[in-house]
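Read off the chains here:
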Amino acid sequence: MLRLFDTVHGEIRPLVLREPGHLSMYVCGPTVYDLPHLGHGRFTLVWDVARRWFTFQGLTVRFVSNITDIDDNIIGRATREGTTESAVAGTYEDEWWKAMAAIGVARPDDVPHATAYVEGMVALIAQFLADDVAYVTSDGLYFDVRRVPDYGLLAGQPLESLRAGARIETNDEKRSPLDFALWKFAKPNEPFWPAPFGDGRPGWHTECVVMSLDLLGDGFDLHCGGFDLKFPHHENERAQAVAANRPFAQHWGHNGWVMVGDQKMSKSLGNFTSLTDMLERTDARAYRLLVLRSHYRSPIEVSPTTIADAERGLARLDALARRFNLPALAGSSFVRRDEFSFAGASQDLVNRVADVLDDDLNTPVAVAELFEALSIANALADGGDDDAAQSLAQTIAVLFASLGLAVDGAADVSDDDTQALVDARDEARGSKNWAEADRLRDVLVAEGWIVEDSPTGTLIRRP
RNA sequence: GGCGGCGUGGCCGAGCGGUUAGGCAGGGGCCUGCAAAGCCCCGUAGUCCGGUUCGACUCCGGACGCCGCCUCCA
């Protein structure tokens, strides 16, 4: 039984599926107007891990995540750069998928684009207008939040107290400060779509409700995103579904953010590191391991120190993979529990890991279990119990793969000259010519290799 | 102002009312021709003040500090 924290109820609850064995989940995706930053990396990793784990446990998961390809920021960038909105969106969507591939985040089953759903949004807004849930102002159409009696459910507070805290309102045409734009009328030279109530473009909150319901249907299972989307974005999606009389997400999941020092990383604070930059100097798997080592609802500290820490841990996993010749299992495809058979200590490990992951995706405890098992596997091999060690090591690789982390025991390729040095060193060692063997090792080290002795001779790899 | 979260050892980061989290870094040892990798052992905790309890890092209350949402934001 899978359990997951649900924001509406504020507690961990069973994930009740609309259709047993099938999980429908929607994750709010990026607005493509700039390079993805570490915060995007975190939310995509968190929900990729969830998707993979649910799949491992036997569920058929339909994973939908959108691309917002029309928005004020995109228009702003296109104007500044003298190009078109679709060019900006195209450029940064490409960057997005490149970064996703690099961190091993699997492609969603469906990737709806906002611009492909405008017709559906127009229809919904027209219905709101007819029902007097929407109203027209000089710059667009707004949603009247007072028409939704339980507005504020996801925020955990009623409309009145939200309103009390609302900051200075610049638009006094709005009926309530919390009313949000459904549709923005096009200003000169802005892109627009035709609509009976005036040409323009959709507001951000409307696209996700239309796309999620269109692809996943009424009452889909799980809707996810960063904590900062809880309110107002997710609340506004939900409010529209309520107003449209459509059952919406049954379970809401929100992940914690990336901290820089003691501040949230965000675009508006300007304190972000782009994912693209980080990947240039880090093994992407280290970021996944870093994410796995804290709970998905907690903030994580991403700094050169914490990344280096994760890289060292990763090196131990790779050393295990080398020692036991483990296959790299994770990648674009998923692993499933029923593809493997486990016994003895391996079965116990799977059970322990499954217990904690099934309970609100407790990845830090799962990782702790796996590192403990890693020591045991090495100790078994040191003691000559090769079969037990191999089985346990294999299971560790499978379980990490179930979370999308590929252990990598592959030797780094070297050229013929390097191989000649390796061969010469083995020869020198064979004849106990230690001085020559050490000299050759120094040469290899000077060329940037890590040199290790093994029963089969000299092994070299890159740091 | 409203709502929510957090404060753990040098750093990161969990669980748990009493029994080892885990990782990284550090110290000692084993293995190794020497290293590396690996294994074993070790230390340093729970912001502060009260309360409940036989016993609290873990529950309750308070204080202090920090963060976030209420505005675009993953």
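Since the model is a prediction, treat every value here as computed from it, not as a measurement.

S.K.: For this particular structure, what's the right way to read empty space enclosed by the protein?
M.R.: A water-sized probe, rolled over the atoms, reveals where empty space remains. Across all of its chains, the model carries 2 cavities of 30 Å³ or more by this definition. What the largest cavity holds in volume is close to 120 Å³. In terms of lining residues, the largest cavity is bounded by 17 residues, among which Thr44, Phe63, Ser65, Val105 and Pro108 are the most central. It is helix H1 (residues 38-56) that contributes the most residues to the lining of the largest cavity, 4 residues altogether. Partitioning the lining of the largest cavity into residue classes produces 12 nonpolar, 4 polar and 1 charged. In terms of lining residues, the second largest cavity is bounded by Leu45, Val46, Val49, Val291, Leu292, Ser294, Tyr296, Leu361 and Thr363. Top contributing element to the lining of the second largest cavity by residue count: H1, with 3 residues.

S.K.: Help me understand helix H14 (residues 416-430) in this model?
M.R.: Since one α-helical turn is 3.6 residues long, residues separated by three or four positions face the same way. Taking 1.5 Å as the rise per residue, H14 with 15 residues should run 21 Å; its terminal C-alpha atoms sit 21 Å apart, in good agreement. Of all the positions in H14, only Thr418, Leu421, Val422, Arg425 and Ala428 are classed as buried. Angularly, the buried residues of H14 cover 125 degrees about the axis, an arc narrow enough to put them on a single face. In H14, the exposed positions that point more than 90 degrees away from the buried face belong to Asp416, Glu427 and Gly430.

S.K.: Please clarify how unusual backbone geometry should be interpreted in this entry.
M.R.: Leaving glycine out, the prevailing phi sign among residues is negative, and the prevailing peptide bond configuration is trans. Backbone torsion omega between Phe231 and Pro232 reads 5 degrees, so that peptide bond is classified as cis. Tracing the chain through its elements places Pro232 in helix H7 (residues 230-243). Here the phi dihedral of Asn325 falls at roughly 55 degrees; this positive angle occurs in a residue that is not glycine. Considering the arrangement of structural elements, one finds Asn325 in the loop between helix H10 (304-324) and helix H11 (344-358). Judged by its relative accessible area of 68%, Asn325 falls in the exposed class. Of note, Leu361 is a non-glycine position whose phi angle comes to about 50 degrees, a positive value. As for its position among the elements, Leu361 is in the loop between H11 and helix H12 (363-382). Residue Leu361 is classed as buried on the basis of its relative accessible area, which comes to 3%.

S.K.: Please clarify how the pairing of strand S9 (residues 222-226) should be interpreted in this entry.
M.R.: Every regular strand shows the same layout, with side chains that alternate between the two sheet faces. Taken across its 5 residues, S9 has 5 buried, putting it largely inside the fold. Note on the crossover from S9 through H7 to strand S10 (residues 251-255): the handedness is right-handed.

S.K.: Help me understand a negative patch on the surface, please; the structure alone is not making it clear to me.
M.R.: A surface patch of negative charge is lined by Asp415, Asp416, Asp417 and Glu447. Following the sequence through the fold, Asp417 ends up in helix H14. Residue classification places Asp417 among the exposed positions, given a relative accessible area of 61%.

S.K.: Would you take a moment to explain the packing of aromatic side chains for this structure?
M.R.: Given two aromatic rings, one states the distance between the centres and the angle between the planes to describe the pair. The tally for this structure, following the rule as stated, stands at 13 aromatic pairs. Where Phe227 meets Trp257, the ring centres are 5.9 Å apart and the plane angle is 70 degrees; that geometry is what we call edge-to-face. One end of the pair, Phe227, is in the loop between S9 and H7; the other, Trp257, is in the loop between S10 and strand S11 (258-260), with 30 residues separating them in the sequence. Site record: aromatic cluster; members linked through ring pairs are Phe128, Phe143 and Phe180. Here Arg107 stacks its cationic end above the ring of Trp97, 4.0 Å away from the centre of that ring. In this arrangement the basic side chain of Lys264 is found over the ring face of Trp257, its NZ or CZ atom lying 5.3 Å from the centre.

S.K.: What exactly am I supposed to notice about the packing of helix H2 (residues 72-81) against helix H3 (residues 85-102) here?
M.R.: Relative orientation of the contacting elements H2 and H3 amounts to 105 degrees, with a least axis distance of 8 Å. By the angle between their axes, H2 is roughly perpendicular relative to H3. Residue-level inspection shows Ile74, Ile75, Arg77 and Ala78 of H2 in contact with H3, the latter providing Glu85, Val88, Ala89 and Tyr92. The residue makeup of the contact of H2 with H3, split by class, is 6 nonpolar, no polar and 2 charged.

S.K.: I tried to follow the sheet that holds S10 on my own but got confused; where do I start?
M.R.: Within a sheet, neighbouring strands are paired by backbone hydrogen bonds and run either parallel or antiparallel to one another. With parallel pairing, 4 strands are arranged side by side in an open sheet as S4-S3-S9-S10. If you trace the sheet from one side to the other, it starts and ends with strand S4 (60-65) and S10, each paired once. Each adjacent strand pair in this sheet contributes to an overall mean axis angle of 20 degrees, direction not counted. As paired strands, S9 and S10 are joined by 5 bridges and run parallel to one another. By the bridge assignment for S10, Gly226 is matched with Asn255. Each of strand S3 (22-27), S4, S9 and S10 is contacted by H1, which is oriented at about 135 degrees to S10, the strand it contacts most.

Here is what the cut-offs are and how they apply
- Residues numbered from 1 in each chain as written.
- Chains lettered and ligands numbered in written order.
- Predicted model: local features only at pLDDT ≥ 70, side-chain atom pairs only at ≥ 80, totals over all residues.
- Heavy atoms only, no water.
- 1 Å grid on protein atoms, 1.4 Å probe; cavity = no way out; pocket = protein on both sides within 12 Å on 5 of 7 lines; lining within 4 Å.
- Points joined across faces, edges and corners; volume = space filled by probe spheres on them.
- Helix = DSSP H or I, 4+ residues; strand = E, 2+ residues; numbered from the N terminus.
- Nonpolar A, V, L, I, M, F, W, Y, C, P; charged D, E, K, R; others polar.
- Expected span 1.5 Å × (residues − 1).
- Buried < 20%, exposed > 50% of the residue type's maximum accessible area, 1.4 Å probe, protein only.
- Arc of directions from axis to C-beta.
- Right-handed = clockwise from strand over helix to strand, strands pointing away.
- Patch = residues over 30% accessible without salt bridge, like charges linked within 9 Å, V, L, I, M, F, W, Y side chains within 5 Å.
- Areas by Shrake-Rupley, 256 points an atom, 1.4 Å probe, with all protein chains shown as cover.
- Salt bridge = Lys/Arg side-chain N within 4 Å of Asp/Glu carboxyl O.
- Lys, Arg positive; Asp, Glu negative; His and termini not counted.
- Charge placed at Lys NZ, Arg CZ, Asp CG, Glu CD.
- Phe/Tyr/Trp six-rings, centres within 6.5 Å; stacked < 30°, edge-to-face > 60°.
- Lys NZ or Arg CZ within 6 Å of the ring centre and 35° of its normal.
- Axes fitted to C-alpha atoms, helices over the stretch in contact; angles between N-to-C directions.
- Parallel < 35°, antiparallel > 145°, perpendicular 65-115°, else oblique.
- Contact = heavy atoms within 4.5 Å.
- Pairing = 2+ DSSP bridges.

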